[in-house]
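Below are the chains, spelled out letter by letter.
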Amino acid sequence: MGKKRVMVPAKDLDLSTVKYEHEVIKAPHLMGLMLKLFVRMVEAPVLGSLIMSFLKKQNKMVEMLQNTVIPEAPMFKPEFPPQDAEPSVVIVDEERKPEDRAELALKCLPHYDPASCWSGDSLPSFRYWKIRDYAYAYRSKLVTPSMVAEKIISVIEDCNYHKPPTPLLISFDAEDIRKQAAASTRRFEEGNQLSILDGIFMAIKDDIDCYPHPSKGATTWMHEVRSVEKDAVCVSRLRSCGVILVGKANMHELGMGTTGNNPNYGTTRNPHAVERYTGGSSSGPAAIVASGLCSAALGTDGGGSVRIPSSLCGVVGLKTTYGRTSMEGSICDAGTVEIIGPIASTVEDVILVYAAILGSSPDNRICLRPPPPCFPDLSSLENANTLGSLRLGKYTEWFNDVHSTDISDICEDVLKLLSKSHGCETIEIVIPELHEMRTAHVVSIGSETQCSLNPDCEDGKGVKLTYDTRISMALFRSFTASDYIAAQCLRRRIMHHHMEIFKKVDVIVTPTTGMTAPKIPSSALKDGETDMQVTAYLMRFIIAGNLLGLPAITVPVGYDKQGLPIGLQLIGRPWGEATILHLASAVEELCAKSRKKPASFYDILNIK
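Residues numbered from 1 in each chain as written. Predicted model: local features only at pLDDT ≥ 70, side-chain atom pairs only at ≥ 80, totals over all residues. Heavy atoms only, no water.

An unreviewed UniProt entry lists the protein chain under the name Amidase domain-containing protein, with Gossypium raimondii as the source organism. Comment text from UniProt for the protein chain, heading Sequence similarities (unreviewed entry), reads "Belongs to the amidase family." (UniProt positions renumbered as here; feature names shortened; annotations may be inferred.)

Below is the structure:
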């Protein structure tokens, strides 16, 4: 036995002694026969625990969780100190109807000029059709929701015949879409539309209930043990606004991967390059939005699962503060790291969907005491000036720790533009114990996943999971109760470090991912793959949002030399959605001219 390591209390840590350590994951990259063989080994009674013990030692997990004295008490779910009010915001009562909240958010958006959107070829660069474009087209009788529905249905039905197939949805019912669209069309004819979101097409990730579709979590069996009787709370809020739900979007099985690889239903392709991954686990939602098929989608984010695919597919993804939206009616509704969040092609569309779905669960209102939600007031020019007072925190060594300098260079250029255009100040920060944060996160999400799936795995369903999920489950089973407690003690330490940083800065800025969309190895399509090096790059900047429950957003800011999208991530204070949305809107405007049309794009609203 080695000597125990004793951590100094978080409040006494001397930041000048903190050295940045590049993350090195020691784990094999496996596909095909080797992947199957490895799964058999890790699931074998004695050999499996020896292999997992060796891998955890190699990656310093044993040293951190079992051979370290952590002075802090455990924090089993995010606990936030009281926060100052955000500037230039409109406060909303979360008890109001979703359609009223959406209308209030609409009033906070910049002036909408239909002429600038419908002038055809005179537009300087590519732009996505926004929710307000659809609403204008419907009101002006240029097109009806039923006409748009037919276009979307024909594309979705064709997707499986593409070479290679591009499976966007796991569950889809053309007649159900036609029925919803006909009802919306009628409302527009009668002048009774429910909200700005009426007639807007959205996809729902396959781990969120959307009646009458089953929720499989992209497994082959989850719907057999878990029936869907009604919509998830977030979905029912969208439905009350008149949203047309197109079905259940593809995902990495049970959300347990960062690439979106899925041997069960096929792997969703990146609309910017079909030979590359979308990122995961919300692969289908991000691809559907990026390809222009739907204005928005709902994803879940427990380890970057909204932000990673949004970044890799060149769209906007919002991870709200833990507890800001209700998780009721999702497969992962009992965890402490996961949220349901919107993916859309623009920041303003994310704001409109966020407005509709927000609202804490009764339990979280009691224990988290969330302040009233706010929207950024983007409607007046005076409020743009408040951006100048924002202090952006950047940990340079971490920021630059990316697979290709294209990523850090482009993200750095955006920070310079923010300073030049809005006067935002970038302040150098140090974030200690990043390796501890990653370890605490994997133990937390792993233990919660293991707890929720254990009855089904004991019942023989575990062997029906994909190979990479089974490896993850073998790791999660190896965590002990004391590992879990140690991880929660680390969570409290790391929350302390971040709350200290937020005394000096308003937003922490990073690239969203440490690499752009990875190539899909053809041998990984049939049985999947495990590549922890790729996972480490994709999750490098993601974890604080999940372990600490902080709000974070990814905004597309440019492309690498291969033409693949790059995202900038903005991490806010607890409950600080309005600030990061305001800043994200400014970033989007600065980068608008560089936006490129994806190789696979459907111009659904083109009415020529």
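**Q** Before we move on, could you go through empty space enclosed by the protein and cite the residues and values that matter?
**A** Taken as a whole and judged by the stated rule, the model has five cavities of 30 Å³ or more. Counted as a void, the largest cavity has a volume near 100 Å³. What lines the largest cavity is a set of 13 residues, and nearest its centre among them are Thr-166, Leu-168, Arg-269, Ser-291 and Ser-600. Grouping the amino acids of the lining of the largest cavity by side-chain chemistry returns six nonpolar, six polar and one charged. (1 Å grid on protein atoms, 1.4 Å probe; cavity = no way out; pocket = protein on both sides within 12 Å on 5 of 7 lines; lining within 4 Å. Points joined across faces, edges and corners; volume = space filled by probe spheres on them. Nonpolar A, V, L, I, M, F, W, Y, C, P; charged D, E, K, R; others polar.)

**Q** Talk me through unusual backbone geometry; I want residue IDs and the actual numbers.
**A** Looking along the chain, the bond that leaves Tyr-211 and enters Pro-212 is cis, with omega of 10°. Between Gly-280 and Ser-281 the backbone carries a cis peptide bond, its omega angle lying at 10°. Residue position: Ser-281 is located in the loop between β9 (273-277) and α11 (283-290). In this structure, Arg-369 is a non-glycine residue whose phi angle is positive, near 45°. The topology assignment puts Arg-369 in the loop between α14 (362-368) and β13 (374-376). Look at Arg-369 and you get exposed, because its relative accessible area is 64%. (Helix = DSSP H or I, 4+ residues; strand = E, 2+ residues; numbered from the N terminus. Buried < 20%, exposed > 50% of the residue type's maximum accessible area, 1.4 Å probe, protein only.)

**Q** Summarise the pattern of salt bridges; cite the residues concerned and give the values.
**A** Summed over the entire model, instances satisfying the criterion amount to 31 salt bridges. A salt bridge links Arg-365 to Glu-95; the shortest N-O distance between them is 2.4 Å. One end of the pair, Arg-365, is in helix α14; the other, Glu-95, is in the loop between β4 (89-91) and α4 (98-107), and 270 residues separate them in sequence. Accessibility expressed as a relative area gives 56% for Glu-95, which makes it exposed. A salt bridge links Asp-401 to Arg-540; its shortest N-O distance comes to 3.3 Å. Of this pair, Asp-401 sits in the loop between α16 (396-399) and α17 (405-422) while Arg-540 sits in the loop between α21 (532-539) and α22 (543-547); the two residues are 139 residues apart in sequence, bridging distant segments of the chain. Here the two residues Asp-401 and Arg-540 agree in accessibility, since each one is buried. (Salt bridge = Lys/Arg side-chain N within 4 Å of Asp/Glu carboxyl O.)

**Q** Let's hear about the sheet that holds strand β11 (residues 316-319): which residues, and what values?
**A** The mixed open sheet is built from 11 strands, whose spatial order is β5-β7-β6-β10-β12-β11-β18-β19-β16-β14-β15. Strands at the two margins of the open sheet, each flanked by one partner only, are β5 (169-171) and β15 (425-428). Across the sheet, the mean angle separating the axes of adjacent strands is 35° when strand polarity is ignored. As paired elements, β11 and strand β18 (residues 552-559) share three bridges and run antiparallel to each other. If you follow Gly-317 over to β18, its bridge partner there is Thr-554. Relative to β18, helix α23 (residues 577-591) is tilted by about 10°, and along the sheet it contacts β11, β14 (391-394), β16 (507-511), β18 and β19 (565-572). (Pairing = 2+ DSSP bridges. Axes fitted to C-alpha atoms, helices over the stretch in contact; angles between N-to-C directions. Contact = heavy atoms within 4.5 Å.)

**Q** Please give an account of the side chain of Thr-219 that cites residues and values.
**A** Position of Thr-219 relative to the elements: it lies in the loop between β6 (201-205) and α9 (222-225). Note on Thr-219: relative accessible area 0%, which makes it buried. In this structure the side chain of Thr-219 is engaged in a polar contact, spanning 2.7 Å, whose partner is the backbone oxygen of Lys-216. Among all residues touching Thr-219, those that are not within four sequence positions of it are Glu-253, Leu-254, Asn-264, Tyr-265 and Leu-465. (Polar contact = N/O pair within 3.5 Å; in protein donor to acceptor, adjacent residues only side chain to side chain.)

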